[in-house]
Every structure is written in C-alpha cells, then in structure tokens.
Amino acid sequence: MTDTSQIVEEDLEHVEEHAGPARRGRLGEFWYYFSQNRGAVTGLVVFTIIVLVALFAPLIAPHSPSLQNRDAFLVPPFWQEGGNAAYILGTDAVGRDILSRLIFGARFSLFIGVFVVVLAMTTGIIIGLIAGYVRGWVDTAIMRVMDVILAFPSLLLALVLVAILGPGLLNAMIAIALVLQPHFVRLTRASVMSERNREYVISSRVAGAGVFRLMFITILPNCMAPLIVQGTLSFSNAILDAAALGFLGMGAQPPTPEWGTMLAEAREFILRAWWVVTFPGLAILVTVLAINLMGDGMRDALDPRLKKS
Amino acid sequence: MIRFLLRKFGLLIPTFIGVSIIAFAFIRLLPGDPITLLAGERGVSAERYEALQAAYGFDKPIIVQYVNYLGDILQGDFGTSIVTKRPVLEEFMQLFPATLELSICAIILATAIGIPAGILAAVRRGSFTDQSIMGVALVGYSMPIFWWGLLLIILFSGVLQWTPVSGRISLLYYFPQVTGFMLIDSLLSGQAGAFKSAVSHLILPTIVLATIPLAVIARQTRSAMLEVLSEDYVRTARSKGLGPFRVIGLHALRNALIPVVTTIGLQVGVLLAGAILTESIFSWPGIGKWMVDSVFKRDYSVVQGGLLLIAGMIMLVNLLVDLVYGLINPRIRR
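Residues numbered from 1 in each chain as written. Chains lettered and ligands numbered in written order. Predicted model: local features only at pLDDT ≥ 70, side-chain atom pairs only at ≥ 80, totals over all residues. Heavy atoms only, no water.

Another point: the confidence of the model for chain A. In this model, chain A carries a mean pLDDT of 84, and residues with pLDDT of at least 70 account for 90%. Across residues 1–21 of chain A the pLDDT falls below 50, and counting only partners more than four positions away or on other chains, this stretch makes 15 contacts in the model. (pLDDT = per-residue confidence, 0-100. Contact = heavy atoms within 4.5 Å.)

A separate point is the domain arrangement of chain B. Residue and element names in this part refer to chain B. As far as domains go, chain B holds domain 1 (32–77) and domain 2 (92–333). Here the C-alpha centre of domain 2 lies 40 Å away from the C-alpha centre of domain 1. Between domain 1 and domain 2, the residue contacts involve 4 residues of the former and 4 residues of the latter. Interface area for domain 1 against domain 2, summed over the two sides, is near 330 Å², with a carbon-plus-sulfur share of 75%. Among the residues of domain 1 in contact with domain 2, Leu37, Leu38 and Tyr69 are the three that bury the most area, contributing 85% of the side total. Linking domain 1 to domain 2 there are 0 salt bridges. If you look at where domain 1 meets domain 2, you find 0 residue pairs in polar contact (both at pLDDT 80 or more). Those elements that provide at least two residues to the side of domain 1 that touches domain 2 are helix H2 (34–39) and helix H4 (62–74). Partitioning the side of domain 1 that touches domain 2 into residue classes produces 4 nonpolar, no polar and no charged. (Domains from an automatic or database assignment. Buried area = accessible area lost by both parts, 1.4 Å probe. Salt bridge = Lys/Arg side-chain N within 4 Å of Asp/Glu carboxyl O. Polar contact = N/O pair within 3.5 Å; in protein donor to acceptor, adjacent residues only side chain to side chain. Helix = DSSP H or I, 4+ residues; strand = E, 2+ residues; numbered from the N terminus. Nonpolar A, V, L, I, M, F, W, Y, C, P; charged D, E, K, R; others polar.)

Turning next to the interface of chain B and chain A. In many reports, interface size means the accessible area that the parts give up when they come together. Taken together, the contacts link 43 residues of chain B with 39 residues of chain A. Summing the contributions of chain B and of chain A, the shared interface buries around 3700 Å²; its carbon and sulfur component is 82%. Interface area lost by chain B to chain A is led by Phe146, Trp147 and Leu150 of chain B, which between them contribute 17%. Scanning the region where chain B abuts chain A turns up 1 salt bridge.

Attention shifts here to the nonpolar core. Counting residues in hydrophobic clusters, the biggest one holds 140 residues, and the most contacted among them are Leu245, Val276 and Val277 of chain A together with Phe146 of chain B. Broken down by element, the residue count for this core peaks at 13 residues, all from helix H13 (residues 274–302) of chain A. Composition of this core by domain shows at least three residues from each of domain 1 (32–77) and domain 2 (92–333) of chain B. When neighbours within four sequence positions are excluded, valine 276 of chain A is seen to be in contact with Leu74, Thr91, Asp92, Ile98, Ala266 and Phe269 of chain A. Grouped together as the second largest cluster of nonpolar side chains are 26 residues, Leu102, Leu209, Val247 and Leu271 of chain B included. (Core = buried A, V, L, I, M, F, W, Y, C linked by side-chain atoms within 4.5 Å. Buried < 20%, exposed > 50% of the residue type's maximum accessible area, 1.4 Å probe, protein only.)

All names here are of chain A. The geometry of helix H7 (residues 154–165) relative to helix H8 (residues 169–195) is characterised by a closest axis approach of 9 Å and an angle of 140° between their N-to-C directions. Relative to H8, the element H7 is oriented oblique. Between H7 and H8 lies a crossing whose hand is right-handed. Of the residues in H8, those in contact with Ser154, Leu157, Ala158, Leu161, Val162 and Leu165 of H7 are Asn171, Ala172, Ile174, Ala175, Leu178 and Val179. Here the residues of the contact of H7 with H8 are counted per class, giving 10 nonpolar, 2 polar and no charged. (Axes fitted to C-alpha atoms, helices over the stretch in contact; angles between N-to-C directions. Parallel < 35°, antiparallel > 145°, perpendicular 65-115°, else oblique. Left-handed = near helix turned anticlockwise from the far one by under 90°.)

A few words on the packing of aromatic side chains. Residues and elements named next belong to chain A. All told, the structure shown has 15 aromatic pairs over all chains when counted by the stated rule. With a centroid separation of 6.4 Å and 90° between ring planes, the pair formed by tryptophan 79 and phenylalanine 279 is classed as edge-to-face. Within this pair, whereas tryptophan 79 is found in the loop between helix H4 (57–60) and helix H5 (98–134), its partner phenylalanine 279 is found in helix H13, the two being separated by 200 residues in sequence. Geometrically, the ring pair formed by tryptophan 274 and phenylalanine 279 is tilted, given 5.8 Å between the ring centres and 55° between the ring planes. The class for tryptophan 274 is partly exposed, based on a relative accessible area of 27%. What makes phenylalanine 279 buried here is its relative accessible area of 10%. Members of the aromatic cluster, connected to one another through ring pairs, are Trp79, Trp274, Trp275 and Phe279. (Phe/Tyr/Trp six-rings, centres within 6.5 Å; stacked < 30°, edge-to-face > 60°.)

Take a look at the structure:
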C-alpha cells in the first residue's frame, strides 16, 4: 500500500471518529479482528474469570484468608497423601487455606494493576500531551527527565523509591506507576507530534478551538490505540513488579494475601512443602499471561499495519 | 559518523546529571536525618553531630554540596559503605564480575535459543511449530522469574538433587580471585572438580535470568524475519533458484538481525533488574543481591553509589548499542 492511500484511509477514520453510528462500526471491526485471535479470546475468558473471582471472593472462598487452623499446618493438596478435602490446595505454615488466600489475592493483584495503570496513564498522557503540543524547552526538559527515569532498571528504581517512601502496598504501587509512566509520555508525545499538523487539527484551530480542547478532545482520541496497548502491557508489568517487590519484602506486608508476599513467606518451606510455593506463583503467571494474550490481540486488532500480515 | 557519536554522547550528559541528582537527592529524601543515617551512629552528642555535619559537608549550601558530590564522583569516589566502611566503588568492582559472568551466560543462552526459535517460527509461519514457539515465548515473557527460580530449585535441587541451591562454587574449593569469573578462575586453579562445581552452580541462575530476554529475542526475531521475508529482494533471491538455507541464512537474516541486535542491547536493563531477583534467590554474590541487601541493612551510601554506577553502566551500554546500530545501519546516523 502506498503512503497516500494510507493517509486517505486514516483520514477517513478520523471522519468516522466524529460521526456517531460509524463509531460502533469501528468497535465492531476491533472486535472482529480481536475475536479472530484464539489466544486473545482465551486470555479474555481467563481474565474475566479472575475478575469475577476477585469480585465475589467472600462468596467463593471456602475459608477466611486469615484464619489460622492450629490442627492443619502445611497440609498438602487433597490429592496427595495426607491431604484434606477441606483444604483443596493445602494449607501454609500457620494453617491458612491456600486456595482462599489465592482467591482474595486476586483482588490485590487486579487492584494493583488498575491503580498503577490509571495513575501512570493519566499522568503520562498529560505530560506527553504537553511535551508534544508545546514543544520547545518544555519538551526538551520533560524528555530528559524521562530519560533519567528510564536509565535505571525499573525494579531497582522501584526498590529505592520504596526505601524512601517506606515498605507497603500503596508506596509500592506509587513507585511502580512512576517507573512505568515514561513509556506513556513517550508514546503520547510521539503520536501528538504526528497528529498536531494534520488538517483536522488545523481546521479545528482555525475554527477557534482553545488549547485544551485541541489537546484533549481533538488530538488525544486519535492517539489512543497505542496507548491502550501500552496500558495492557503495563497492567501485567505492574502485577509482576508488585509481586516482585512483595517477594523482596518491600511490597504488601504479611499477612496480606498478596501473591508475591505469599511467595516470600513460603520461601523457607520450598524443599518441604512444594504447594505453598507453587500455587501463588501459578496464579501470578496465569493472570499475567491472560493479560498479555489480550494485549497481543488488541495490538493486532488496533494496528492497521499488522492487519493484513 | 564522528558527529553522530558526539551527538549521542552529548545527549548522555544531561541524563547523567539527572541521574546524579537522583542519587544525590536519595539520601536527603530518606525519612530520618541524613547525617545520623550516614554515620550509622545513635544518640550522637551535639558536638559530634556538628563534626559529622562538617565532615559530610552538610553544613554548606545545597548547591555546593551537589557540586562537591559531582566532583567526588568524577574522581571515582562513590562514598563509603556504612556497614563495611569500605569504598563503594571497591565493593562494586569486587562483586561486579559475578553479575557480569551470570549476565553474559544468560544473554548467550537467550540469543543461542531465541534467534533460531524466532527464525523457525517465522519460516513456518502459522504452523503448529510457530504457534508452539510463540506460545512458549509468551509464557516466558509473562513469567514471574522469582517463582520460576524457586520451581527450578524444587525440581533440580530438591527432587533430582542435580544442582546446588545457592552460591557460586562449593565451599570445598578455595583459590585466589584472578579474573573474578568463576568459570575461568576455577580452570586456572587446576583443582579437580572445581570447574564442574562452578558450572553446576551457574546453570539454574542462568536459566532463570535468560528466560525473559529469551522470550523477547524470539518474538523480536520472528517479527523482524516476517517483515524481511516479504521484501522484494528475498523474492528475487528465491526466484533466482537459491536454496532456502541461503535465502534465509544469508539474505533475510542479515537484515532481520539489525533490530534484533538493538533488542539484545536493550536487554541489559532487563538483565540487571532480573539480576536483583535471580541473585537474591540463588544467593549469588553479585551487585543485584548487594543492592537488595544494602536496602535492608540501611546501608544507604551503598545504595546511593550503586544506583549511580548501575545507571551509568546502562547508559554506556545503550550508547554502545546506538553506535553498533549506527555502524550496521548508516541511514540512522543522520
């Protein structure tokens, strides 16, 4: 496809963007490409199940996540010798039901993902819009600051930030959001710079639209596709990083049933009780994998360049 | 090319200043008084406090403090550990070979498997092979590596008893540190079994650390190959009657490797973040574990110096990647 036809096609999309009924057509098109991807649909199904489990955790969980059963320390899963059907995935070192803790842990992981992505995305988009729209020294200053943040390995910077703020889930989430935010700034800035001199933006400016209207209502909606994909990736990164911080003892603190924290507590029993280590990590892996599968599907469905290939 | 080099290097300077400001601000942002933190003493008298304040230069204006700090760094003085009282740079230099050895092994493993897997997936596009390789790569990409390390310990160290759980070499062997690389030093020592012990200690950490770069490299190789395979010159090469190995290996791969090389270079940051977790799990005495331990021991001058050294190293490697990229792809020099 030549460059001109691509521009015409994209311009048509912008026209559709402002027309009411065509918008559903675009969503429908997105869903069509998304549903063609078997992995993406699997990811969506698994993710939906995890969301439902998190929402209805008190109804589903067979036990309280913090109840310590003194007569059931390190009970193996029910299919193993010595297992107990009351504790399907076994119990941990202080007799808490692992399945119930995992079910409640889903709430933490999803909350971490939502909180971090919303925080990183909103601040990142605003800063990126300013950098890309205002340009000049403001842009240079912002991008140098982002370079500085990106110069550190993300986990190391998050670890140090938590050392400053103090260990805990909230501080860990803030640190992770700060570390993930430069990616949103860079993406937003790049899209804004490619959009700001397009005809529809110029015509809008000529028609008298103010700076904020131009930034947020005219330009931003047309930059959303890559941001949504990045948001999905950041969601899974946030869950992984928060679990890693929890594992290192700098995230959620025991006895919170956060999956990474559960792994940290289980470490000393790895050679005696495989189940206390295996299941929390499996929960992290399944959740992250489901989100990444959805992210891949979304990227393919939203990126017109990849559609034909 | 020289202008390109100078411009890239010039861009590093503001970033380095920013990084040094963060390291400088770190100690001052911590909860508690920085002077008592740095001295590691409790209940200091007023006179002692003033002496310490002067010794650390905290009695001067903040700008002067920063300029002094920057001057110290440029002279190679990254502070002194609160716990061991040794220079931070010295500790870093002593531990760095362990991380480097582990990282090099991991990146070799990731490249050696990742690139062929990516090529195979691209060539057999849409097939069962492609789907399996990409499925495994996505699992690897989504892996919480700290858990992956624990699983491997359960299986290989616990159940099968094939590999040791932690450290770089068995305590049975002792020899002087020559290069800092255990694989080389153990060979130089000439002690029977030392090399084998070093290898067996290295295997699991290498697998764990290589997992995410491996997945990223395989995915990147596949998409770069797919892009190149649809180009006209590849079709020409095919229609000339060249065999598939020549077309893929010589014509397509060379161009597909350009973005892959960049990806491999960019894995340095990923490797160091991974090293924090991997080294903590396997008690590997490298800089990742050193940083985590220092955070817990509240050895904040080590954290400060380590932050700067690690960020500086990543910046240099990224510069190197840019240069290599400029060498193999003249178009971006402009």
